[in-house]
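# Architecture and fold: a report
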Amino acid sequence: MLDTHARKYVQPTILSTAKLLLKAGLSANQVTWIAFIIGTSSGVWIYFDRPILAVCVLWFSGFLDAVDGSMARLTKPSPWGTVLDITFDRIVEISVIIGLALAFPDSQLALLLLSVSIIVSMTIFLTVGAVSEKQGMKSFYYQAGLAERTEGFILFSLMILFSNYLTLITLLFFVIELYTALQRLFEAKKILQHKEREM
């Protein structure tokens, strides 16, 4: 939701950073790798009980993840860059979940349920992107939803910072993610039915 509707407010900063990094000689894929390495360290910092540092590196990696897309659009977007971007996003999320699961074993069931809901939601998201016509600024059809990446980062941050309520916040995230999956599934049905009528 926030990625779709609030991006315009931060896009000037993202774009100026993208231009600066391109001027420094970095490519979009190189920044994708940097964001990945920084982002996956979040789970390590969670495990070693450094929650503020974990949240900071998570958000910084998320910012760079937005910047690399703008860099690609300013140069020449590549399908390989898209594959790296989507894959690394999921690994960063997995690192946070694993870090929390290892640090707080009492919440492992809730974290497992969250992982399942993310898998289902992303399966729908990627499948619809594969069978739909490309639309918008992304290199594939981007389905908006209640829980997009920014909402995920907010909820992950709450999980990290307020670990006393980890199970409760994780279950809330699980419900929101499931709602998003259903939202995307019903939207996919409408999109594909409309596409079939046009054929």
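Here goes a summary of the coordinates provided.

Rules used throughout
Residues numbered from 1 in each chain as written. Predicted model: local features only at pLDDT ≥ 70, side-chain atom pairs only at ≥ 80, totals over all residues. Heavy atoms only, no water. Patch = residues over 30% accessible without salt bridge, like charges linked within 9 Å, V, L, I, M, F, W, Y side chains within 5 Å. Areas by Shrake-Rupley, 256 points an atom, 1.4 Å probe, with all protein chains shown as cover. Salt bridge = Lys/Arg side-chain N within 4 Å of Asp/Glu carboxyl O. Helix = DSSP H or I, 4+ residues; strand = E, 2+ residues; numbered from the N terminus. Axes fitted to C-alpha atoms, helices over the stretch in contact; angles between N-to-C directions. Parallel < 35°, antiparallel > 145°, perpendicular 65-115°, else oblique. Nonpolar A, V, L, I, M, F, W, Y, C, P; charged D, E, K, R; others polar. Left-handed = near helix turned anticlockwise from the far one by under 90°. Contact = heavy atoms within 4.5 Å. Core = buried A, V, L, I, M, F, W, Y, C linked by side-chain atoms within 4.5 Å. Buried < 20%, exposed > 50% of the residue type's maximum accessible area, 1.4 Å probe, protein only. Polar contact = N/O pair within 3.5 Å; in protein donor to acceptor, adjacent residues only side chain to side chain.

Moving on: a nonpolar patch on the surface. Nonpolar side chains collect at one region of the surface, where Val 44, Trp 45, Tyr 47, Phe 48, Leu 53, Ile 91, Ile 94, Ile 98 and Leu 102 lie side by side and expose about 820 Å² of accessible area between them. Of all elements in the fold, only helix 3 (28-47) and helix 5 (79-103) reach the threshold of two or more residues within the nonpolar patch. Looking at which element gives the most residues to the nonpolar patch, the answer is helix 5, with four residues. Structurally, the position occupied by Val 44 is in helix 3.

Between two packed helices, what matters for the description is the angle formed by their axes and the separation of those axes. Helix 5 packs onto helix 3 with a crossing angle of 10 degrees between their chain directions and a minimal axis gap of 7 Å. Regarding the angle of helix 3 to helix 5, the classification is roughly parallel. Looking at the contact of helix 3 with helix 5, its residues break down into 13 nonpolar, nine polar and one charged.

Direction vectors running N to C along helix 3 and helix 4 (residues 51-74) enclose 165 degrees, while the axes themselves pass 8 Å from each other. As the angle between them shows, helix 3 and helix 4 are arranged roughly antiparallel. The way helix 3 lies across helix 4 gives a crossing that is left-handed. Contacts from Ala 28, Val 31, Thr 32, Ile 34, Ala 35, Ile 38, Gly 39, Ser 41, Ser 42, Trp 45 and Ile 46 in helix 3 reach Leu 53, Ala 54, Val 57, Leu 58, Phe 60, Ser 61, Leu 64, Asp 65, Asp 68, Met 71 and Ala 72 in helix 4. Here the residues of the contact of helix 3 with helix 4 are counted per class, giving 15 nonpolar, five polar and two charged.

Our focus in this paragraph is the nonpolar core. Ranked by internal contacts, the top residues of the largest apolar core, which has 27 residues, are Leu 58, Val 96, Leu 100, Leu 114, Phe 156, Met 159 and Ile 160. Looking at this core, the elements with two or more residues in it are helix 3, helix 4, helix 5, helix 6 (108-131), helix 7 (149-161) and helix 8 (166-198). Per-element tally for this core: the top contributor is helix 5, with seven residues. Contact partners of Val 96, with chain neighbours within four places excluded, come to Ser 42, Gly 43, Ile 46, Leu 58, Phe 156 and Ile 160. Membership of the second largest hydrophobic core comes to eleven residues, among which are Leu 21, Ala 28, Ala 35 and Ala 72.

Further remarks concern the environment of Ile 46. Assignment of secondary structure puts Ile 46 in helix 3. If we ignore the near neighbours within four places in the chain, the residues touching Ile 46 are Ala 54, Val 96, Gly 99, Leu 100, Ala 103 and Ile 160.

Another aspect to go through is the pattern of salt bridges. As enumerated under the stated definition, the model contains four salt bridges in all. A salt bridge links Arg 149 to Asp 65; the shortest N-O distance between them is 3.0 Å. Of this pair, Arg 149 sits in helix 7 while Asp 65 sits in helix 4, placing them 84 residues apart in sequence. Of the two residues, Arg 149 and Asp 65, neither departs from the other in class, the shared state being buried. Among the salt bridges present, the one from Arg 149 reaches Asp 89, with a minimum N-O distance of 3.4 Å. Here Asp 89 lies in helix 5 and Arg 149 lies in helix 7, a separation of 60 residues in the sequence.

Before going further, it helps to spend a moment on the side chain of Glu 93. By the secondary structure assignment, Glu 93 is in helix 5. Residue Glu 93 is classed as buried on the basis of its relative accessible area of 11%. Here the side chain of Glu 93 touches Arg 90 through a polar contact of 2.8 Å, side chain to side chain. Discounting chain neighbours no more than four positions away, the residues touching Glu 93 are Ile 118, Arg 149 and Phe 156.

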